[in-house]
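# Per-entry structural report
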Amino acid sequence: MPIITISRGSFSHGQEVAVKTAQRLGYNCISREVLIEASKDFNIPEIKLFQAIHDAPSFIDRILPRRMKYIAYIQSAILKNLKRDNIVYHGFAGHFFVKGISHVLKVRIIADMEERIRLVMARNGLSRQEAYSYLHRLDEQRRKWGLQLYGIEPADPGLYDLVIRIGRITVDDAVDIISHKAALDHFQATPASRQQIEDLSLAAEVSACLIDMVPGVTVTADKGLVCIMTPASHTRKLELKMRKTAGTIPGLKNFYFNCNPSVPPARNRLS
C-alpha cells in the first residue's frame, strides 16, 4: 500500500483534505504527532521542533547547528512512522525526506488567494489587508525555509505527483482524485521500495543519534549496514557512541566509517 504525503500552503484546506483522504482509505493520518514523538525521544521541547520547521532560517541559524539537529530529530520520527505504510502525512517537510521512494504519492494542496484570505479573516478576526499581509509572511517563511535548508522551492510543482488547487475543485473532489491515484499500480509498495524506506529510516535514526556530537555527520544505510561519513578526527568518539547505542537501534546490523567518500571503506567496525 502507498504512503501519501500532503504538502499544504497555509489556509489552503490541506489538513481537511488529508483527514478526509485517510478516512476514505482507512489509513492513519499523522502530522503533529511526529513532533510529539520526536520531543519525547530526544527530550526537546515540542515548540522548538515546531519552530525549526516553520520559521524561516535566520543568519544566526545558518551558522549554528541547532536547527539542523532539530530537523534530524523530526526526520527520524517521520520516517519511523512512514515505514508502516497506509499513512497520510500532512505538514511541511514530509516530501523532502522520501525523495525517490516509488510508493510515496506526493501531493501539494493550494487554494485561491481570495479563499485563503477569507479563511484568515474568519479565523483570526483580521481585516482583508491584514489577512493578505499575514499570508504573504507565512508563504515567504516557507519559501526561505526550503531554499536555505534544501535548495528547493516548496511551491515547485516538479516536487509533486499531484498539485490540486482548491476552488472549483472542492475538498471532496480532491479526496476522490487522491484516492484514485493512490490505487494505481505504480504507487504500490514493492520489496525494493520498502527496503529503500527502511534504509532511509535507519540512516535518519543513526544520524539523529550522532548529530549532537558532530553536526556535519552524514549517514547512509544499505540493508542494515550503515556508513558514517565524517572527518577522521571525529571517528573515535563516534565509534564509542555507536558501540554503546548500536543494540538499541532496530535494523542496525553493522556500521563503518568512511572519512573520504571517494575511497571504499577499509574495514567493517563490528566484524
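Structure: above.
In this report, we go over the structure that sits alongside the text.

Conventions we followed
Residues numbered from 1 in each chain as written. Predicted model: local features only at pLDDT ≥ 70, side-chain atom pairs only at ≥ 80, totals over all residues. Heavy atoms only, no water. Salt bridge = Lys/Arg side-chain N within 4 Å of Asp/Glu carboxyl O. Helix = DSSP H or I, 4+ residues; strand = E, 2+ residues; numbered from the N terminus. Buried < 20%, exposed > 50% of the residue type's maximum accessible area, 1.4 Å probe, protein only. Pairing = 2+ DSSP bridges. Axes fitted to C-alpha atoms, helices over the stretch in contact; angles between N-to-C directions. Contact = heavy atoms within 4.5 Å. Expected span 1.5 Å × (residues − 1). Arc of directions from axis to C-beta. Phe/Tyr/Trp six-rings, centres within 6.5 Å; stacked < 30°, edge-to-face > 60°.

## A word on the pattern of salt bridges
- Going through the model one piece at a time under the given rule, you end up with 11 salt bridges.
- The partner of Arg243 in a salt bridge is Glu239, with the nearest N and O atoms 3.3 Å apart. A residue pair is termed a helical-turn pair when its members lie 3 or 4 positions apart in one helix, as Arg243 and Glu239 do in helix α10 (residues 235-245) at four residues.
- Given the relative accessible area of 46%, Arg243 is considered partly exposed.
- The class of Glu239 is buried, set by a relative accessible area of 9%.
- Residues joined by salt bridges that share partners form a network here, namely Glu16, Lys20 and Asp172.

## Some points on the sheet that holds strand β1 (residues 3-8)
- Taken together, the five strands give an open sheet; going across it, the order is β2-β3-β1-β4-β5, and neighbouring strands pair in parallel fashion. With partners counted over all chains shown, the strands left at the sheet margins are β2 (28-30) and β5 (162-166), one partner each. The mean inter-strand angle of the sheet, taken between neighbouring strand axes irrespective of direction, is 20°.
- Pairing between β1 and strand β4 (residues 104-111): six bridges, direction parallel. Opposite Ile4, over in β4, you have Leu105 as the bridge partner.
- Of the strands in this sheet, β1, β2 and β3 (87-90) touch helix α5 (residues 66-82), which is tilted by about 155° from β3.

## Remarks on helix α6 (residues 113-124)
- Taking 1.5 Å of rise per residue, 12 residues should cover 16 Å, and α6 covers 16 Å from first to last C-alpha, within 8% of that figure.
- Every buried residue of α6 is accounted for by Arg116, Ile117, Leu119 and Val120. Projected down its long axis, α6 carries its buried residues within an arc of 160°, all on one side.
- Gly125 occupies a position one or two residues after α6 and carries a positive phi of about 65°.

## With respect to the environment of Gln129
- Within the element layout of this structure, Gln129 appears in helix α7 (residues 128-150).
- With a relative accessible area of 52%, Gln129 lands in the exposed category.
- Once the C-alpha coordinates of Gln129 and Ile117 are considered, the two residues, 12 residues apart in sequence, prove to be 8.8 Å apart.

## Some words on α10
- Restricting attention to buried positions, one finds in α10 the residues Thr235, Leu238, Glu239, Met242 and Thr245. Along the axis of α10, the buried positions cluster into a sector of 140°, meaning they face one direction only. Residues Arg236 and Lys244 are exposed on α10 and point more than 90 degrees away from its buried face.
- In the core, the buried residues of α10 are packed alongside α9 (191-210), β7 (225-229) and β8 (254-258).

## A look at the packing of aromatic side chains
- Taken as a whole, this structure holds two aromatic pairs when the rule is applied.
- Each ring, one from Phe11 and one from Tyr134, has its centre 6.1 Å from the other, and the planes form 70°; the classification is edge-to-face. Taken together, the positions of Phe11 in the loop between β1 and α1 (14-25) and Tyr134 in helix α7 put the pair 123 residues apart, joining distant regions of the chain.
- Ring centres of Phe255 and Phe257 lie 6.0 Å apart, and the angle between their planes is 90°; this geometry places the pair in the edge-to-face category.
- Judged by its relative accessible area of 0%, Phe255 is buried.

## Remarks on the sheet that holds strand β6 (residues 218-222)
- Pairing in this open sheet of three strands is mixed, and the strands run β6-β7-β8 from one edge to the other. Edge positions in the open sheet fall to β6 and β8, since each of these has one partner strand only. Strand after strand, the sheet turns through a mean of 20° between neighbouring axes, direction not considered.
- Strand direction decides the pairing type here: β7 and β8, joined by five bridges, are parallel. Considered in β8, the bridge of Met229 is made with Asn258.
- Each of β7 and β8 touches α10; the most contacted strand, β8, lies at about 170° to it.

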